[in-house]
Amino acid sequence: MEYKRILTIQDISCFGQCSLTVALPILSAAGLETVILPSAVLSTHTGGFKNFTFRDLTDDMPAIAAHWKQENISFDAVYTGYLGSAKQINYVMDIIKTLSRPGAVSIVDPAMADNGRLYTGFDQAFVEEMKKLVYSADIILPNITEASFLTGLEYKETYTEEYIEALFRKLAENGAKTVILTGVSYKPETTGVAVYENGAVNYYEHKRLPVGSHGTGDVYASAFSGAYLQGRSVFDAACIAADYTVKCIENTAGDENHRYGVKFEPVLPYLIERIR
Ligand code: PXL
């Protein structure tokens, strides 16, 4: 396998098994040299914890990027997740533009919303900036809530294929290239992903576990990025990431004290085996 270097930009939630504490181990396990740029440092993630601390690192970004430029540090891929401020998104776009190697890929998870609502701390101004990053990226991984905020189409909890196709059409009209839409479910017992590539939509359906777990979007996007950068097709990487995420949820289900994240670490050998 080729040794590639990926930069991932997202927050450090010190406790809570999401964002960088998930992305760094998963990308490393995938065999990639993983460079991190923390967008913010929080004591915990914002889903279900009260009184979390939040240090925005927006103002550190230009100097970090300038130093990397001076050192001729560049990347085969940039993968972004939860970002700390609307202003930061311009810096992130500049980093992608100036520090990417020729042929590098940009992967954007617009981690800002779920279940029909924006995460605590985000507003419409943030969504407007996120649109610029999303529509300039090579591959995006929104969930249905994020796709509805990005397109302005109504959020629907139950829907048919027409709604999903309308989301893809609008995303593509606005400039999206390849889209992996997560959490697409037409039946109560299954869920899955819909992959839009070169104008065609393909589905990967798998069982739905009856527990909602935090951080699974980050597990999914990280596993996808690892598999894709190791040469899998977009669709294969989307399937591998889905199977790994299901295994992580299964490995956590039943532990009522562990609802803040998934126990993804013991299942890493499965992911490594699938990627190899
Ligand atoms: O998993 C997405 C995520 C990442 N980082 C922080 C979050 C969330 C989701 O709520 O709060 C800080």
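Enquirer: Describe helix α9 (residues 268–275), listing the residues and the values that go with them.
Expert: All buried positions along α9 are accounted for by L268, L271 and I275. Along the axis of α9, the buried positions cluster into a sector of 60°, meaning they face one direction only. α9 presents P269 and E273 as exposed residues on the side facing more than 90 degrees away from its buried surface.

Enquirer: Explain the packing of aromatic side chains residue by residue, including any values.
Expert: Overall, the coordinates contain 10 aromatic pairs when judged by the stated rule. Judged by centre distance (5.6 Å) and plane angle (35°), the ring pair of Y159 and Y163 falls under tilted. Under the relative-accessibility criterion, Y159 is labelled buried at 13%. Measuring from ring centre to ring centre gives 5.3 Å for F168 and Y196, while their planes differ by 20°; the resulting arrangement is stacked.

Enquirer: Give me the nonpolar core: which residues, what numbers.
Expert: Core analysis: the largest hydrophobic core is formed by 44 residues, its most contacted members being L7, I9, M130, I164 and L181. The residues contacting I9, other than those within four sequence positions of it, are L37, M61, V78, Y79, T80, G81, Y82, L83, V92 and I95.

The rules behind the values
Residues numbered from 1 in each chain as written. Predicted model: local features only at pLDDT ≥ 70, side-chain atom pairs only at ≥ 80, totals over all residues. Heavy atoms only, no water. Buried < 20%, exposed > 50% of the residue type's maximum accessible area, 1.4 Å probe, protein only. Helix = DSSP H or I, 4+ residues; strand = E, 2+ residues; numbered from the N terminus. Arc of directions from axis to C-beta. Phe/Tyr/Trp six-rings, centres within 6.5 Å; stacked < 30°, edge-to-face > 60°. Core = buried A, V, L, I, M, F, W, Y, C linked by side-chain atoms within 4.5 Å. Contact = heavy atoms within 4.5 Å.

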